[in-house]
Amino acid sequence: MSDTERAVEAEAIRSKLIALEEYRKLLNGSELTSSWLVVDQSMIDTFADATRDHQFIHVDPTRAKAETPFGGTIAHGFLTLSLLSTLAFDAMPGVEGTRMGVNYGFERVRFLSPVKSGTRVRGKFRLNGLTERAVSLQSAWATVVEVEGATKPALEAHWITLALVGPRNARPTLVTTSLG
């Protein structure tokens, strides 16, 4: 990535920051929805190379069409899960004063339907838990990855993220821990 591309990405992050008071208003509010993202064969092949998972259902379109009920190749479930990062970046704001964000974990992940090569997916995120501490914000998200035109989502997960922030003078406060 070039310095120019890094600068553009940093500005995109800064432009989506909101005050903590505004972030709190997201709790149990409306879903945040990302733009559609194409999951093409190139993406699937690159993921297969990175994970060394070259099962034919992912990387061999001819065989996958002939031998599976999917009609062609499908994305790895873990590829779909990993797309939460980019889908979330598109849909969710950050909190002003955040030094960095990290994945804390998942309470639950379910792969409900395949993502066929060439289809589009998008993420839907609802903040349903927020724990505030002196140097962090732990957010719990009800998360869905939809496949365009499909009745069933590809994935549902309860995702927990952690934003590390500068020290605040407030005592740790539990806003809610509902995972809905």
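Cut-off values and rules
- Residues numbered from 1 in each chain as written.
- Predicted model: local features only at pLDDT ≥ 70, side-chain atom pairs only at ≥ 80, totals over all residues.
- Heavy atoms only, no water.
- Helix = DSSP H or I, 4+ residues; strand = E, 2+ residues; numbered from the N terminus.
- Buried < 20%, exposed > 50% of the residue type's maximum accessible area, 1.4 Å probe, protein only.
- Contact = heavy atoms within 4.5 Å.
- Areas by Shrake-Rupley, 256 points an atom, 1.4 Å probe, with all protein chains shown as cover.
- Lys, Arg positive; Asp, Glu negative; His and termini not counted.
- Charge placed at Lys NZ, Arg CZ, Asp CG, Glu CD.
- pLDDT = per-residue confidence, 0-100.
- 1 Å grid on protein atoms, 1.4 Å probe; cavity = no way out; pocket = protein on both sides within 12 Å on 5 of 7 lines; lining within 4 Å.
- Points joined across faces, edges and corners; volume = space filled by probe spheres on them.
- Nonpolar A, V, L, I, M, F, W, Y, C, P; charged D, E, K, R; others polar.
- Polar contact = N/O pair within 3.5 Å; in protein donor to acceptor, adjacent residues only side chain to side chain.
- Salt bridge = Lys/Arg side-chain N within 4 Å of Asp/Glu carboxyl O.
- Core = buried A, V, L, I, M, F, W, Y, C linked by side-chain atoms within 4.5 Å.
- Arc of directions from axis to C-beta.

In this section: the overall build of the protein. Each helix and strand in the protein was counted, giving 7 helices and 9 strands. By principal-axis analysis of the C-alpha atoms, the protein measures approximately 60 × 40 × 25 Å. For the protein, buried positions account for 37% of its 180 residues. The contacts of the protein with a sequence gap of at least 6 include a subset with a gap of at least 24, amounting to 73%. Summing over all exposed atoms, the protein offers an accessible surface of approximately 10,200 Å²; the carbon and sulfur share of this is 53%. Across the protein, the mean location of the 20 positive side-chain charges is 6 Å away from that of the 20 negative side-chain charges.

Another aspect to go through is the confidence of the model for the protein. The predicted model of the protein averages 91 in pLDDT, with 93% of residues at 70 or higher. Low pLDDT, under 50, characterises residues 171–180; the predicted model gives this stretch 23 contacts beyond four residues in sequence or across chains.

Approximately 710 Å³ is the volume attributed to the largest pocket. Taken together, 26 residues form the lining of the largest pocket, with F89, P93, G94, T98 and G101 sitting closest to its centre. Considering every element that reaches the lining of the largest pocket, the biggest residue donor is strand β5 (residues 98–111), with 6 residues. Its residues assigned to classes, the lining of the largest pocket shows 15 nonpolar, 8 polar and 3 charged.

Let's shift gears to the environment of A64. Summarising the element assignment, A64 is placed in helix α5 (residues 61–67). A relative accessible area of 0% places A64 in the buried class. Taking the C-alpha atoms as reference points, A64 and D49, 15 residues apart in sequence, are found 18 Å from one another. Setting aside residues up to four positions removed in sequence, A64 forms contacts with F56, I57, G72 and T73.

Next up on the list: the environment of V165. Within the secondary structure layout, V165 lies in strand β8 (residues 155–165). Residues V165 and L137, 28 residues apart in the sequence, show an inter-C-alpha distance of 7.4 Å. Apart from the residues lying within four places of it in its own chain, the contact partners of V165 are G97, T98, R99, A134, V135, S136 and L137.

What follows concerns the side chain of T68. Its place among the elements puts T68 in the loop between α5 and α6 (77–82). Polar contacts involving the side chain of T68 include one to the main-chain amide nitrogen of F70, which spans 3.2 Å. Discounting residues that sit within four places of it in the chain, T68 has contacts with F56, I57 and R63.

For the rest of this paragraph, the subject is the pattern of salt bridges. Two side chains of opposite charge can pair, provided their charged atoms sit close to one another. Taken as a whole and assessed by the stated rule, the structure comprises 10 salt bridges. A salt bridge links E132 to R24, with the shortest nitrogen-to-oxygen separation between them at 2.7 Å. Of this pair, E132 sits in strand β6 (residues 119–132) while R24 sits in helix α2 (residues 20–24), and the two are 108 residues apart along the sequence. Judged by its relative accessible area of 6%, E132 is buried.

The nonpolar side chains of soluble globular proteins are, as a tendency, buried together. By size, the foremost hydrophobic cluster in this structure holds 33 residues, and its most contacted members are V39, V121, F125 and W141. Among the secondary structure elements, those contributing two or more residues to this core are α2, α3 (41–51), α6, α7 (84–91), β6, β7 (136–147) and β8. At 5 residues, β8 tops the list of elements feeding residues into this core. Contacts of F125, omitting those with residues within four sequence positions, involve S30, E31, L32, L84, L87, A88, A91, M92, W141, A142, T143 and W159.

A separate point is α3. By the burial criterion, the buried members of α3 are Q41, I44, F47 and A48. For α3, the arc enclosing every buried residue in end-on projection is 125 degrees, short of the 170-degree limit, so these residues lie on one face. Seen from the buried face of α3, the exposed residues on the opposite side, beyond 90 degrees, are T46, D49 and A50. Of the residues flanking the end of α3, it is R52, one or two places downstream, whose phi is positive at about 60 degrees.

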